[in-house]
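A structural walkthrough
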Amino acid sequence: PIKLSINSNVDVWAEVRYFSDEGVPVGTGPVPPKVGETTTYRIFWNVSNSLHELKNVSLSTNLPQDVTWLEKKQTDIGTIEFNPTTRRVKWSTSKLPTQIKQASTWFDVGINPANHDVGTFMKLNNQTSFSATDNTTNDQLTDTIGNLTTELPKDKYAKGKGVVIK
């Protein structure tokens, strides 16, 4: 007989928003972002899972030097921390049971564009890394998500308003 092990079905995604789905601001400041003025955004991380429990679950990213961590954060499960020395944001939980179909966390960041940022989308975070261990197969599950910018493609109220202006 051949024994096959199937890893849990995990989906990880990240997005940045200025407005909620209902059009309520979750960010502050001018949109589009303006030189010399602070604009804040909310970064959302989500993990959906089925089949097996996960253990040692984490998502992490580094913030660019011109992005400010704002200490405003929330998580469904686990903890979210920011290390000001390494500029690393990390969400982690020791386990994610299958009864929790989706776990979410968010945190706020701010930018204050300079003249050299005019005409560009500003990067709000670097690549995000996901890792977890499938509790049944003991396999390491990993994924990466590209960086997020002020472009806000999934924010229907701020879409097209991410290029820095004077």
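In what follows, the structure referred to is the one given above.
Okay, so let's go over this structure. (Residues numbered from 1 in each chain as written. Predicted model: local features only at pLDDT ≥ 70, side-chain atom pairs only at ≥ 80, totals over all residues. Heavy atoms only, no water.)

Right, let's talk about the sheet that holds strand S9 (residues 128–134) for a bit. With respect to topology, five strands assemble into an open sheet ordered S5-S6-S3-S9-S10, the strand pairing being antiparallel. Only two strands of the sheet have a single neighbouring strand rather than two, namely strand S5 (79–83) and strand S10 (140–145). Each neighbouring strand pair of the sheet contributes to a mean axis angle of 15°, computed without reference to strand direction. Strand direction decides the pairing type here: strand S3 (residues 54–62) and strand S6 (residues 88–96), joined by eight bridges, are antiparallel. Bridge pairing in S6 links Lys55 to Lys95. (Pairing = 2+ DSSP bridges. Helix = DSSP H or I, 4+ residues; strand = E, 2+ residues; numbered from the N terminus. Axes fitted to C-alpha atoms, helices over the stretch in contact; angles between N-to-C directions.)

What follows covers the pattern of salt bridges. Inspection of every chain in the model, using the stated rule, returns five salt bridges. In this structure, Arg17 engages Asp21 in a salt bridge whose closest nitrogen and oxygen atoms are separated by 2.9 Å. Exposure remark for Arg17: the relative accessible area of 6% places this residue in the buried category. The exposure class of Asp21 is exposed, given its relative accessible area of 52%. (Salt bridge = Lys/Arg side-chain N within 4 Å of Asp/Glu carboxyl O. Buried < 20%, exposed > 50% of the residue type's maximum accessible area, 1.4 Å probe, protein only.)

These figures come from the coordinates and say nothing about function on their own.
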